[in-house]
Amino acid sequence: MFLLKKCLFVIAMYIVPLSLLANEVEISTKNSSFVLSAPIDQQLRFEYYGAKLVAADKNFIAQNGLSLDYYPAFGVYNNASHAIQVTHADGNMSLELVVKGVETYREGDCLITKITTKDKVYPFWVTHYFKTYYENDLIETWTEIKHAEKQDVVLFKAFSANFYITGSNQHILRLAGEFINEAGLYEFPLQYGIYSISNKEGIRNTHSDNPSFMISFDGPLHENKGNVIGASLAYTGNYKLMFDKRKNITYRKVVKEQVNIVAGYNEEASHYFLSPNENFVTPKLLLTFSDKGKGQVSRNFHKWALKDGGMYGANNVSDILLNSWEGVYFDVNQDNMSEMMKGFSEIGGELFVMDDGWFGSKYPRNDGSTSLGDWMVAQGKLPHGIKGLLDAANKNKVKFGIWIEPEMVNTKSELYEKNPSWIIQLPNRETIKGRGETQVTLDLSNPKVQDHVFKVVDDLLGNFPNIEYIKWDVNHYLTNYGSNYLPKNKQSHLYLAYHRGLESVLKRIRDKYPNVVMQSCASGGGRVNYGYLKYFDEFWTSDNTDAFHRIYIQWGTSQFYPAKGMASHVSAEKNHQTGRVIPLKFRFDVAMSGKLGMEMKPSDFTESDKLVAKKSIETYKKIRPLVQFGDLYRLVSPYVNNGNAALMYVNDEKTEAVFFAYNPRLSKGGHLERVVLNGLDSNKTYQITELNETDYLPKQRENPRFVNTVLSGEFLMKYGVDVNFINNFEYGSIIVHIKEK
Ligand code: GLA
């Protein structure tokens, strides 16, 4: 009865007689089924999303699925949380959408299911797309909206997708935080009523929230068991992911308890005048299901990011970089840049990135209050220009990268003086400014501004093709909601138009400069989502580089985003954000579980520090393929162990893994209890060796445990290993290499 058969190209085109069409559409991945029923000329209905169905279950679901309105529209039936709301040209505020066709086709390795619905009366079409990444159990879904009415239709809301979960005991996992405290992990039972994860910052969008969640079907979430759906909205702008939990919501059937989950761009202050024949495309929602808990949900997202193009440049091994920010802040000059390159190169570093403070001619940049927009070298600081820096990089055998913040401008800049109308501002009101009391935002809805932002990057990379890396920053949110470019009656398009403009610039950059590595940064972790990662190779996880806090921040971030993208930098002994003093080995061991970098002056190192740094960098080069491309298994959560944590990465063949354990606090007598490993092959035998041991610091353990230890995968995953750290020392850490013998 089901439509989907693996090698089908086009199953049914529009207006196939009903008798030829079975109603159910199964969108399936290796381990999951998402089932809709799509009877021609009737409502599109959601039936099921969960573990993969076998033939008998399919028949059952065909008869007894949930049968709930897939894309509830405002107007006729008004008792659900709506996915779409419009006002037609004639003032009618309703939609009654019915299925007009189902089509499936291949795009590369993916199968796309396209379901077209149309209003019963108006020439108004809503088309849903479901693209499946079969092996990684991921469905990418979005909606397109079009009409052929005589005048504009006002779109008040148009979410990307909607689905349902029944039962009464769902738990949610989400990230929440703030500047220098991003990606906090929160898990809680979902209550009746409406709960939403939303953002309205306009430009950067992941400091306080992240457009991602997991939801369990039955009770608390577990790392390795239980039915869990994971979702992440791939969007650079404002978003809303909403859970509406109630009883007896449906008008067709009595379903006792259910949650309807809608997700998409945030419609607030964003009503959109859709012209006839214009195609409105919603952001993409990524969905994955696992019956093996949240660990597998994370791995599905990571694998998709790494293997299915979810994150830019994911096949390339990432370099170990030194960023100048915490080393010198704005005090950039040729000498200190060259010195940092030299010191970094001596310990094995690969890429040097010059951060803020290098630009501005009329107004040289010495603090946050001037020069954004004037992307020419400050001659007083760098008399030999970028060429001088590239020469120094070449001499020191490191690659070179540079910081820019091209969406922004200071009112104290030549760019602003020439083009004051290019900024986002409100008529008749004083413009609220950000950093330095002068920072404002360029209006990317304006094509001229888009060209300008593209040119900033094009000039840098065109004139200096040896720039191999860009750190693209944003240090403001959208204040003064007004555009000098958009017409008076379309000011409400600004939130959406800004991001269309941004994406069009990023696409142009990627078309012309496919090989430049780009980091997405926004006052730390303000731009960590799959909307950005389509164009960026990595993200700056947080401006907080305190290794103790980083255990938590990276743990939270890892729920949805892979270690390959997660920039993790070692910084000064006394941390600049928290004042905490942490031993260098611990700082490295934490950073090495992500994308290792540094954020300090190597000249501040003592001789013994240099040895630790050099050895750590050497170690990272060995384990880098495992960390950057392996499967993550989270073992001990810092949230239940006062910061004590353990995790590991395993390669696809399960022949090699790397294990990290941290013991920042002296709870439990200085050791982490026995840790049961995961992800290995129980039939294999592994050699276990400690890495990154420090001979030049007090011994971490009196009786090192892992010296030529050989154990079976079965033993490691059933009994586990005792992880001892030295007694009387806080900040114990250990890295262990596990290799098939
Ligand atoms: C932001 C970034 C930092 C640094 C500064 C420079 O805060 O998050 O890493 O680049 O800007 O001004």
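Residues numbered from 1 in each chain as written. Predicted model: local features only at pLDDT ≥ 70, side-chain atom pairs only at ≥ 80, totals over all residues. Heavy atoms only, no water.

(A) Region of the structure containing the overall build of the protein chain. Helix and strand counts for the protein chain come out as 13 helices and 39 strands. Computed over C-alpha atoms, the radius of gyration of the protein chain comes to 27 Å, within 12% of the 27 Å expected from 2.2 N^0.38 for 741 residues, which places it in the range of a compact globule. Per-residue burial for the protein chain yields a buried fraction of 64% across its 741 residues. Here the contacts in the protein chain between residues at least 6 apart in sequence split such that 70% fall between residues at least 24 apart. Accessible area for the protein chain stands at about 27,400 Å²; split by element, carbon and sulfur atoms hold 50% of it. Computed over 83 positive and 83 negative side-chain charges, the inter-centroid distance for the protein chain is 2 Å. (Helix = DSSP H or I, 4+ residues; strand = E, 2+ residues; numbered from the N terminus. Rg over C-alpha atoms; globule rule 2.2 N^0.38 Å. Buried < 20%, exposed > 50% of the residue type's maximum accessible area, 1.4 Å probe, protein only. Contact = heavy atoms within 4.5 Å. Areas by Shrake-Rupley, 256 points an atom, 1.4 Å probe, with all protein chains shown as cover. Lys, Arg positive; Asp, Glu negative; His and termini not counted. Charge placed at Lys NZ, Arg CZ, Asp CG, Glu CD.)

(B) Region of interest: the side chain of Thr87. Mapped onto the fold, Thr87 is located in strand 5 (residues 84-87). With sequence-adjacent residues up to four places away left out, Thr87 is seen in contact with Asn92, Met93, Val153, Val154 and Phe156.

(C) Representation of the pattern of salt bridges. Counted under the stated rule, the structure contains 39 salt bridges. Of the charged contacts in the structure, one is a salt bridge between Lys471 and Asp355, with a shortest N-O distance of 2.8 Å. On the criterion of sequence distance, the pair formed by Lys471 in strand 27 (residues 467-472) and Asp355 in the loop between strand 23 (351-354) and helix 5 (385-395) is long-range, its members being 116 residues apart. Each member of the pair, Lys471 as well as Asp355, is classed as buried. Asp681 is the salt-bridge partner of Lys684, the closest N and O atoms lying 3.6 Å from each other. Members of the salt-bridge network, linked through shared partners, are Lys200, Lys240, Glu267 and Glu268. (Salt bridge = Lys/Arg side-chain N within 4 Å of Asp/Glu carboxyl O.)

(D) Quick peek at the sheet that holds strand 23. Read once around its circumference, the closed barrel built from eight strands follows the order 22-23-24-27-28-29-30-31, with strand pairing classed as parallel. Adjacent strand axes in the sheet meet at a mean angle of 30° when their direction is disregarded. (Pairing = 2+ DSSP bridges. Axes fitted to C-alpha atoms, helices over the stretch in contact; angles between N-to-C directions.)

(E) Broad picture of the packing of helix 7 (residues 447-463) against helix 8 (residues 494-512). Direction vectors running N to C along helix 7 and helix 8 enclose 30°, while the axes themselves pass 9 Å from each other. Judged by the angle between their axes, helix 7 and helix 8 are roughly parallel. Considering how the two elements wind past one another, helix 7 and helix 8 form a crossing that is right-handed. For the pair helix 7 and helix 8, contact is made by Gln450, Asp451, Val453, Phe454, Val457 and Asp458 and by Gly501, Ser504, Val505, Arg508, Ile509 and Lys512, respectively. Of the residues assigned to the contact of helix 7 with helix 8, the class counts are five nonpolar, three polar and four charged. (Parallel < 35°, antiparallel > 145°, perpendicular 65-115°, else oblique. Left-handed = near helix turned anticlockwise from the far one by under 90°. Nonpolar A, V, L, I, M, F, W, Y, C, P; charged D, E, K, R; others polar.)

(F) Fine view of the packing of aromatic side chains. Applying the stated rule across the entire model yields 39 aromatic pairs. Ring centres of Phe34 and Phe130 lie 5.6 Å apart, and the angle between their planes is 45°; on these two criteria the pair is classed as tilted. With a gap of 96 residues between them, Phe34 in strand 2 (residues 32-37) and Phe130 in strand 8 (residues 124-133) connect regions that are remote in the sequence. The buried category is assigned to Phe130, whose relative accessible area is 0%. Here a set of aromatic residues connected by ring pairs shows up, and it is made of Phe34, Phe46, Tyr49, Tyr70, Tyr71, Phe130, Phe163, Tyr164, Phe217 and Phe289. It is Lys245 that lies over the ring of Tyr192; its NZ or CZ is 5.2 Å from the centre. Geometry around Tyr312 places Arg510 over its ring, the cationic atom sitting 3.6 Å from the centre. (Phe/Tyr/Trp six-rings, centres within 6.5 Å; stacked < 30°, edge-to-face > 60°. Lys NZ or Arg CZ within 6 Å of the ring centre and 35° of its normal.)

(G) Unusual backbone geometry, seen in detail. For Ser371, which is not glycine, the phi dihedral falls at a positive 80°. Along the chain, the position of Ser371 falls in the loop between strand 23 and helix 5. Classification of Ser371 by relative accessible area gives buried; the value is 0%. Unusually for a residue other than glycine, Lys654 sits at a positive phi of about 60°. Position of Lys654 relative to the elements: it lies in the loop between strand 33 (645-650) and strand 34 (656-663). Under the relative-accessibility criterion, Lys654 is labelled partly exposed at 24%.

(H) Region of interest: the pairing of strand 21 (residues 284-290). By the criterion of burial, strand 21 is predominantly enclosed, with six of the seven residues buried. The pairing of strand 9 (residues 138-147) with strand 21 spans four bridges and is antiparallel. If you follow Thr141 over to strand 21, its bridge partner there is Leu285. Pairing of strand 16 (residues 228-234) with strand 21 involves seven bridges; the strand directions are antiparallel. Each bridged residue has a counterpart across the sheet, and for Leu233 the counterpart in strand 21 is Leu285.

(I) Structural context of helix 11 (residues 584-591). Judged by how many residues are buried, helix 11 sits mostly within the fold: eight of eight residues are covered. For helix 11, the set of buried residues is Leu584, Lys585, Phe586, Arg587, Phe588, Asp589, Val590 and Ala591.

(J) Representation of the packing of helix 11 against helix 12 (residues 607-629). Orientation of helix 11 relative to helix 12, taken along the N-to-C sense of each, is 20°, at an axis distance of 10 Å. When the axis of helix 11 is compared with that of helix 12, the two are roughly parallel. Of the two elements, helix 11 crosses helix 12, and the hand of that crossing is right-handed. Side by side, helix 11 and helix 12 meet where Leu584, Lys585 and Phe588 of the first sit next to Asp609, Val612, Ala613, Ser616 and Ile617 of the second. Class assignment for the residues of the contact of helix 11 with helix 12 results in five nonpolar, one polar and two charged.

(K) Layout of the site of the ligand. The environment of the ligand is made up of 13 residues, and the closest members are Asp355, Asp356, Arg435, Lys471 and Asp543. Backbone polar atom of Gly524 to an oxygen atom of the ligand: 2.9 Å apart, as the coordinates give it. Computed on the free molecule, the ligand has an accessible area of 310 Å², of which 96% lies beneath the protein chains in the complex. Tallied by class, the residues present in the shell around the ligand amount to four nonpolar, three polar and six charged. (Near = heavy atom within 4 Å. Polar contact = N/O pair within 3.5 Å; in protein donor to acceptor, adjacent residues only side chain to side chain.)

(L) Region of the structure containing the pairing of strand 18 (residues 257-265). Counting buried positions along strand 18 gives nine out of nine residues, so the element sits mostly inside the fold. Here six bridges tie strand 11 (residues 161-166) to strand 18, and the two strands are oriented antiparallel to one another. Its bridge partner lying in strand 18, Ile165 is registered against Val259. With nine bridges joining them, strand 17 (residues 239-247) and strand 18 adopt antiparallel strand pairing. What sits directly across from Phe243, in strand 18, is Ile261.

(M) Representation of the nonpolar core within the structure. One finds Met354, Trp358, Phe400, Trp472, Met598 and Phe660 to be the most contacted residues of the largest nonpolar core, which totals 125 residues. Ignoring sequence-local partners within four residues, the contact set of Phe660 consists of Asp589, Met592, Ser593, Ile623, Val627, Ala645, Ala646, Leu647, Tyr649, Ile734 and Ile735. By size, the runner-up hydrophobic cluster in this structure holds 62 residues, among which are Ile165, Phe217, Ile229 and Tyr265. (Core = buried A, V, L, I, M, F, W, Y, C linked by side-chain atoms within 4.5 Å.)

(N) Examining the side chain of Asp69 more closely. Residue position: Asp69 is located in strand 4 (residues 68-69). From its side chain, Asp69 meets the backbone nitrogen of Tyr71 in a polar contact 3.4 Å long.

(O) Quick look at the environment of Ala393. Along the chain, Ala393 falls in helix 5. The exposure class assigned to Ala393 is buried, which follows from its relative accessible area of 2%. Ala393 sits 201 residues away from Gly594 along the chain, and the two C-alpha atoms are 25 Å apart. Setting aside its immediate chain neighbours within four residues, Ala393 contacts Met341, Val398, Lys399 and Phe400.

Such coordinate-based values are descriptive only and should not be taken to indicate function.
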